[in-house]
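Survey of secondary and tertiary structure
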Amino acid sequence: MKKVFTVILASIIVVAVVVFLAITLAFNSNDHSQYDLPKHTTTGTRTSESSEHQAVARLVTAGMAKPPNLGRKELMQLMRKQMDDRGEAFKISSEIRPVDAGGVSAEYPYWS
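Residues numbered from 1 in each chain as written. Predicted model: local features only at pLDDT ≥ 70, side-chain atom pairs only at ≥ 80, totals over all residues. Heavy atoms only, no water.

1. Examining the overall build of the chain
For clarity, the cut-off: Going along the chain from the N terminus, every DSSP run of H or I of four or more residues is numbered as a helix, and every run of E of two or more is numbered as a strand. Taken over C-alpha atoms, the radius of gyration is set against a globule rule of 2.2 Å times the number of residues to the power 0.38. Exposure categories follow from relative accessible area, calculated using a 1.4 Å probe and restricted to protein chains: below 20% of the type maximum is buried, above 50% is exposed, and the middle band is partly exposed. Only heavy atoms matter for contacts: two residues are in contact if any of them lie within 4.5 Å across the pair.
Assigned secondary structure in the chain consists of three helices and two strands. Listed by position from the N terminus, the elements making up the chain come as α-α-α-β-β. Relative to a compact globule of 112 residues, whose C-alpha radius of gyration would be 13 Å, the chain shows 29 Å and is clearly more extended. With the C-alpha coordinates aligned to their principal axes, the bounding extent of the chain is approximately 80 × 45 × 35 Å. Within the chain, the proportion of its 112 residues that are buried is 2%. A sequence separation of at least 24 residues applies to 17% of the contacts in the chain between residues at least 6 apart.

2. Some remarks on the pattern of salt bridges
Operational definition: When a carboxyl oxygen of Asp or Glu lies within 4 Å of a side-chain nitrogen of Lys or Arg, that pair is called a salt bridge.
Inspection of every chain in the model, using the stated rule, returns two salt bridges. A salt bridge links Asp85 to Lys81, with the nearest nitrogen and oxygen atoms 2.8 Å apart. Taken together, the residues Asp85 and Lys81, both in helix H3 (residues 72–89) and four residues apart, mark about one turn of the helix. Looking at Lys81, the relative accessible area reads 48%, which means it is partly exposed. We note a salt bridge from Arg97 to Glu95, for which the minimum N-O separation is 3.5 Å. In this structure Arg97 comes out as partly exposed when scored by relative accessible area, which is 36%.

Laid out in structure tokens, this is it:
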């Protein structure tokens, strides 16, 4: 009885190892480590926040300074209004242009 148990256990282990190796070899992917880190240099050498960043930070901080004691529905409406106000506070000139992305129709924002 002990010998049968040992044979069954050894068989299960052998089958598990064979299945693991088969899966590992069958699904072995290409080396994509070239995409791990950006190879390009960063844009600019700024060491402090821009005036635009500071303006947005002030808006966000002001909106969070004193959270109102409102119900869920009213709070959601207030949050939506604040998000709209933030978007309207800054004028961004951009346009969306159609592009061909490798044979696929797409759109890309162009900032001016």
